[in-house]
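# Inside the fold
Below are the chains, spelled out letter by letter.
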Amino acid sequence: MPETLLIPVSVIALVEDQISSSPIVLLHDQQSNRLLPIWIGDFEARAIAIILNKTPAPRPLTHKLVLNTLQNMGGKLLHVVIDRLKNNTYFASMHVVRDGHNIAIDARPSDAVAIALEAKTPIFVTKEIMDSAAQKNPFPDINQQQDRPAQAKTNFKESDLKKLKELFEKARQREQSS
């Protein structure tokens, strides 16, 4: 089986789709300056926002619980991969090493991203998905070198919002036609 080419991405923004009011996590391919928008659930968006904003929680949230469980069982999260797109739904896997064995665990992309952000481990997207679903970055002011989760973009200019709306509409049309 040929090895899948993985593209490193970072979370640059967590935004809301103005039409559906659904949260979207924006993943940035730093190498080719493309964006991959992934619609996610409200609870997962909240978890990602808590991590990005470094907001302490009084008790472990689900992503922290999963990470603690992995670590307490002797595992270490190596990275996560958004690796499939089927019927307009993205799928991901969390890659864990335990006792020298590599284990791939199926996960929703939103959960995998939250866990990776908490663990400070890399997030990847397969080249196939980036080539088919990512779009050229319409925000020229995003500095690729400062593109880190701790510095995720949360305030957009009006012109940026217009570009973002166009980006989401193109992504929605592409997903509905696949």
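See the structure shown above.
Residues numbered from 1 in each chain as written. Predicted model: local features only at pLDDT ≥ 70, side-chain atom pairs only at ≥ 80, totals over all residues. Heavy atoms only, no water.

### Considerations on the packing of helix α1 (residues 42-52) against helix α3 (residues 109-119)
Where α1 meets α3, the closest approach of the two axes is 9 Å, and the angle between their N-to-C directions is 15°. One finds that α1 runs roughly parallel with respect to α3. As α1 runs across α3, the sense of the crossing is left-handed. Contact residues: α1 offers Glu44, Ile48, Ile51 and Leu52, while α3 offers Ser110, Asp111, Val113, Ala114, Leu117 and Glu118. For the contact of α1 with α3, the residue count by class is six nonpolar, one polar and three charged. (Axes fitted to C-alpha atoms, helices over the stretch in contact; angles between N-to-C directions. Helix = DSSP H or I, 4+ residues; strand = E, 2+ residues; numbered from the N terminus. Parallel < 35°, antiparallel > 145°, perpendicular 65-115°, else oblique. Left-handed = near helix turned anticlockwise from the far one by under 90°. Contact = heavy atoms within 4.5 Å. Nonpolar A, V, L, I, M, F, W, Y, C, P; charged D, E, K, R; others polar.)

### Quick look at the sheet that holds strand β5 (residues 89-98)
Read from one edge to the other, the open sheet built from eight strands follows the order β6-β5-β4-β7-β1-β2-β3-β8, with strand pairing classed as mixed. Each of the sheet's edge strands pairs with one partner strand only, and the pair in question is β6 (101-107) and β8 (135-136). Sheet topology note: the strand β4 (residues 75-86)/β5 ladder contains ten bridges and is antiparallel. Within β5, the position partnered with Leu77 by the bridge is Val96. Sitting on the sheet, α3 is in contact with β1 (6-16), β3 (34-39), β4, β5, β6 and β7 (123-126), with an inclination near 150° to β4. (Pairing = 2+ DSSP bridges.)

### Regarding helix α2 (residues 62-72)
For α2, the complete set of buried residues consists of His63, Leu67 and Leu70. Take α2 and look down its axis: the buried residues cluster within an arc of 60°, on one side only. Away from its buried face, by an angle of more than 90 degrees, α2 presents the exposed residues Thr62 and Asn72. Where α2 is buried, its residues meet α1, β4, β5, β6 and α3. One or two positions beyond α2, positive phi appears at Gly74, with a value near 90°. (Buried < 20%, exposed > 50% of the residue type's maximum accessible area, 1.4 Å probe, protein only. Arc of directions from axis to C-beta.)

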